[in-house]
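Next come the chains, spelled out residue by residue.
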Amino acid sequence: MKKICVYLPFLFFLLSGFSQTPAKYWIQFTDKNKSEYSVDRPNEFLSPRAVEKRKRFNIPVTEEDFPVNKQYVQEVLSLDTTMILFTCSKWLNGITVYAEEEEILNKIKNLPFVAFAERTILLKEKEVICDEIFYYKSKGNNNNVIGMDTNTLFPYGKSTNQIRINNIHWLHRLGYSGQGIHMMIMDGGFHNVDSIRHFEILLKENRLLGARNFVEPCVDPMRKHSHGTYVLSCIASEVPDELIGSAPKVLVYLAQTEDSRSENKIEEDNWVAGIEWADSLGCDVLNSSLGYTKFDDPNQPRTAADLNGKVSRASQAAAIAARKGIIVCNSAGNAGNDKWRYIGCPADAEDILAVGGINVKGERAEFSSYGPTSDGRVKPDACAVGRATYVANPFGKTLHADGTSFSSPMLAGMVSCLWQAFPDKSTYEIMNAIRQSGHQAAKPDSSLGYGIADFFKAYNLLLQPPMTYDASGNPMFEIQFNTFVYNNKPIIIKIKSKERSKCTLQLKLRNGESMEVKEYKIPKGKKVIKIKELPSLGAMDYGFVDVYLKGDIVNCHYVLGMEKEKKELQE
């Protein structure tokens, strides 16, 4: 099958020695006229998993998904013998090329099918010639992934507090630790991911599915630059009693899109190429511990006013990804103490989760960037531990590290567990539940946004049936729990009803023990129910209590967690 955006980006081996200014350029086309592709044949440009995902969520395949026009690409490449195609963007209908001719930009702009073109990086040296493109692919199947034991306490070790603060351990205990969820991590390099002990089980179970390098396509991204190694360890580490990631059974793709040698717009276009690769593979969740606020080229300034989700091409692509069924988690940024102060791009994108940083006590990390976006949207969308986060370095050591670079993957792993629990929920339903689970969701601010996400609360929010509404669009029956974790203090259920009714309350421990069913009269207005005692755990260290509220206008099921006091929490 001919796919120009698959093989042409790597034909950059015929470099001429006569030009003067090696650089890369972004070129956006006007249309996709005369495309050989059809929405009726999506298997020609999407993987089987991606096609199945589109069908499952009723996401239409459109012209936006078509690869760029091959003829346009060929005409651009014919302008200069030194020109090489690097990446293509089907969503933004553009390409990145390398060229050495000094006046090439004017020639590109004069082409009738070019809508926009700009230089994205001026190189100090010519592009390196290589003979073989690097691509890592898992050598076996992952059909025998062993889930974590749901009958014992999980051995989180040093990572205990950074896991527990978002209540993701309750989802782990329910059996959701990322199985079956495909995640892509886009970062600046993944040194020794294929050899250190923290990922031994990941590799043994063949859950490292693939790796590519969009910066230097011929270089193995696992051989140098380590930021991505630290990031991945927040998600997929599995060293019992030392470091357990937030989704230790997730399936992983790695994409190097960040170039540590400089800061230029080309990296945003690499980011776009990476997320489109994720889409073509049918990935569910994407973590990006990257952000762009300023570039080395003074002629490409970025201001706080640009943080509207529409200026940066990476931000545009992130919003499109949400429509295609991908949840993007992006670090809010570490500029909280800097003159810039605000989040970066693509954290400003619409319909993604920009993740702020806290410490294990729930206090805001001083460096965590502030929201909102320039068009007034709340940011951050959620917060997780980014201050003194336990991570793995590329030499197999577990240590502390600071940055929203780590709060974002912590949250991305949690998103994977939540989506595993509710595989038929849309990206928007999952993200909305996470936002509404935040400790300050009722009153978000520019510092922590919606606040510290509570994934056990998000689980319970998604567990509920759709609300019923009156003729004016107001909910007929609203229920609010003060907590979903019983700690010997009353569970308070606040009910707000549009009419009088009756309901029964039943509590049932998962081992089969059931407390007496109680009936309540619900007045028009407000009602408070207090649960002062839950069934005994007996010899169990923890357990779950199913709460059923049933009546004329309500039929809800909630899950409460119970546990004995723990002594092994790490400081």
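None of the values given here were measured: they were computed from a predicted structure.

Student: Could you give me a rundown of the overall build of the chain, with the residues and numbers involved?
Tutor: Within the chain one finds 13 helices and 24 strands. Along the first, second and third principal axes, the C-alpha atoms of the chain reach 85 × 55 × 50 Å. The proportion of buried residues among the 571 residues of the chain is 59%. When contacts within the chain are restricted to residue pairs at least 6 apart in sequence, long-range pairs at least 24 apart make up 77% of them. Mean positive and mean negative side-chain charge positions of the chain (69 and 68 charges, respectively) differ by 6 Å.

Student: Can you tell me about the sheet that holds strand S22 (residues 525–531), naming the residues and giving the values?
Tutor: Strand pairing in a sheet takes place through backbone hydrogen bonds and is either antiparallel or parallel in direction. As summarised here, the arrangement of the 3 strands in space is S17-S19-S22, forming an open sheet in which the pairing is antiparallel. Single-partner strands in this sheet number two, and they are strand S17 (477–481) and S22. Geometrically, the sheet is characterised by an average inter-axis angle of 20 degrees between neighbouring strands, direction not taken into account. Both strand S19 (residues 491–497) and S22 contribute to a ladder of 7 bridges, which runs antiparallel. Across the sheet, Ser-497 pairs through a bridge with Gly-525, a residue of S22.

Student: Hey, could you go over helix H12 (residues 427–436) for me, with residue numbers and the actual values?
Tutor: For an α-helix, 3.6 residues make a turn, and residues three or four places apart therefore share a direction. Taken together, the buried positions of H12 are Thr-427, Ile-430, Met-431, Ala-433, Ile-434 and Arg-435. Structurally, H12 contributes buried residues whose contacts are with helix H10 (313–323), strand S12 (327–331), strand S13 (353–358), strand S14 (382–385), helix H11 (404–421) and helix H13 (455–463).

Student: Lay out the side chain of Asn-460 in plain terms, naming residues and giving numbers.
Tutor: In this structure, Asn-460 sits in helix H13. By relative accessible area, Asn-460 is classed as buried at 0%. Among residues more than four places away in sequence, those in contact with Asn-460 are Phe-484, Tyr-558 and Val-559.

Student: Requested: an account of the packing of H12 against H13, with residues and values cited.
Tutor: Contact pair H12 / H13: the axes reach a minimum separation of 8 Å and the direction vectors enclose 130 degrees. Regarding the angle of H12 to H13, the classification is oblique. Where H12 crosses over H13, the two elements pack in a sense that is right-handed. Of H13, the residues touching H12 (which contributes Glu-429, Ile-430, Ala-433, Ile-434 and Gln-436) are Phe-455, Lys-457, Ala-458, Leu-461 and Leu-462. Grouping the amino acids of the contact of H12 with H13 by side-chain chemistry returns 7 nonpolar, 1 polar and 2 charged.

Student: Account for the packing of helix H8 (residues 227–236) against H11, with residues named and values stated.
Tutor: Following both chains from N to C, one finds H8 and H11 inclined at 35 degrees, their axes separated by 7 Å at the closest point. Every pair of crossing elements has a handedness; the one defined by H8 and H11 is right-handed. Contacts between H8 and H11 involve His-227, Tyr-230, Val-231, Cys-234 and Ile-235 on the former and, on the latter, Ser-405, Phe-406, Pro-409, Met-410 and Gly-413. Along the lines of polarity and charge, the residues of the contact of H8 with H11 split into 7 nonpolar, 3 polar and no charged.

Student: How would you summarise the confidence of the model for the chain if you had to cite specific residues and measurements?
Tutor: Residues at a pLDDT of 70 or more form 93% of the chain, whose mean pLDDT is 91. Low confidence marks residues 148–152, where pLDDT is under 50. Its contacts with residues over four positions away, or in another chain, come to 14 contacts. Note on residues 567–571: pLDDT is under 50 here. Beyond four places in sequence and across chains, it has 10 contacts.

Criteria and thresholds
Residues numbered from 1 in each chain as written. Predicted model: local features only at pLDDT ≥ 70, side-chain atom pairs only at ≥ 80, totals over all residues. Heavy atoms only, no water. Helix = DSSP H or I, 4+ residues; strand = E, 2+ residues; numbered from the N terminus. Buried < 20%, exposed > 50% of the residue type's maximum accessible area, 1.4 Å probe, protein only. Contact = heavy atoms within 4.5 Å. Lys, Arg positive; Asp, Glu negative; His and termini not counted. Charge placed at Lys NZ, Arg CZ, Asp CG, Glu CD. Pairing = 2+ DSSP bridges. Axes fitted to C-alpha atoms, helices over the stretch in contact; angles between N-to-C directions. Parallel < 35°, antiparallel > 145°, perpendicular 65-115°, else oblique. Left-handed = near helix turned anticlockwise from the far one by under 90°. Nonpolar A, V, L, I, M, F, W, Y, C, P; charged D, E, K, R; others polar. pLDDT = per-residue confidence, 0-100.

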